[in-house]
Amino acid sequence: MAPRKSRTDLPATLQRSDKHAQATWQETHDSAAEQYGDGERAHRTAFSALKHTYEKVGDHWERKDEAGPSDAQAAQRGPAARNRPRETAEGVDANASKQHLLDLARRLEIPGRSRMTKAELVEALMKANRRETARARR
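First, a word on what this report is: a plain description of the structure on this page. (Residues numbered from 1 in each chain as written. Predicted model: local features only at pLDDT ≥ 70, side-chain atom pairs only at ≥ 80, totals over all residues. Heavy atoms only, no water.)

### A word on the nonpolar core
Thinking step 1. V92, L101, I110, L121, V122 and L125 are the most contacted members of the largest nonpolar core, which totals 16 residues.
Thinking step 2. Those elements giving two or more residues to this core turn out to be α6 (98–107) and α7 (118–137).
Thinking step 3. Considering each element in turn, this core owes the most residues, six residues, to α7.
Thinking step 4. If near-sequence neighbours (up to four positions away) are discounted, V122 is found in contact with A89, V92, A94 and L101. (Core = buried A, V, L, I, M, F, W, Y, C linked by side-chain atoms within 4.5 Å. Buried < 20%, exposed > 50% of the residue type's maximum accessible area, 1.4 Å probe, protein only. Helix = DSSP H or I, 4+ residues; strand = E, 2+ residues; numbered from the N terminus. Contact = heavy atoms within 4.5 Å.)

As structure tokens, then:
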């Protein structure tokens, strides 16, 4: 079994998330690293597992109300996920209700949110998450 990594080996957004999110990512990453080697594929596998139960909100991950894939890419499995990759929603739960996305947009103070379509809300949340993560790194 691979040695347990320290908290500092976690991506920054996970360092600001709850212990369960950290454990989910770490255990999946360790298992994937044993199988595929420590690299991009292990990272992608760990984030894919995380996105089934967590969504990115600002600069951290929060547990979703309902488990399941967060976007079309996360719904793919095996060779389809690798051979026919799709755009991801970068941790935003694109499969959530429009009301849920509006609530998150309100929390992140996204202007114009009430006039946005669901796709526009997902895009605005992705941008807000990137901005908050960059701000947290400073």
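### Things to note about the packing of aromatic side chains
Thinking step 1. Within the structure shown, the criterion is met by two aromatic pairs.
Thinking step 2. Residues F47 and W61 carry aromatic rings whose centres are separated by 6.0 Å and whose planes lie at 35° to one another, so their mutual orientation is tilted. A residue pair is termed long-range when its members are at least 10 positions apart, and F47 in helix α3 (residues 40–53) and W61 in strand β2 (residues 60–63) qualify at 14 residues. The same class applies to F47 and to W61, which are both buried.
Thinking step 3. Feature note: the residues W25, F47 and W61 constitute an aromatic cluster, connected by ring pairs.
Thinking step 4. A cation over an aromatic ring shows up here: R41 above the ring of Y36, its NZ or CZ 3.7 Å from the ring centre. (Phe/Tyr/Trp six-rings, centres within 6.5 Å; stacked < 30°, edge-to-face > 60°. Lys NZ or Arg CZ within 6 Å of the ring centre and 35° of its normal.)

### Topic: the pairing of strand β1 (residues 54–57)
On a regular strand, each side chain points to the face opposite its neighbour's, so the side chains alternate between the two faces of the sheet.
Thinking step 1. Every second residue of β1 is oriented toward a common face, with Y54 and K56 on one face and E55 and V57 on the other, all of them buried.
Thinking step 2. By the bridge criterion, four bridges tie β1 to β2 in an arrangement that is antiparallel. Paired with Y54 across the strands is R63, a residue of β2.
Thinking step 3. If you look at the hairpin formed by β1 and β2, you'll find two residues sitting between the two strands, and G58 has a positive phi there, around 70°. (Pairing = 2+ DSSP bridges.)

### Overview of unusual backbone geometry
Thinking step 1. Within the chain, E90 stands out as a residue other than glycine whose phi angle is a positive 55°.
Thinking step 2. Inspection of the secondary structure puts E90 in the loop between α5 (78–83) and α6.
Thinking step 3. Phi is positive for E109, which is not a glycine, with a value near 55°.
Thinking step 4. Mapped onto the elements, E109 comes out in the loop between α6 and α7.

### Brief notes about the environment of E66
Thinking step 1. Tracing the sequence through the fold places E66 in the loop between β2 and α4 (72–75).
Thinking step 2. Here E66 falls in the exposed class, since its relative accessible area comes to 66%.
Thinking step 3. In this structure the C-alpha to C-alpha distance between E66 and V122, which are 56 residues apart in sequence, comes to 17 Å.

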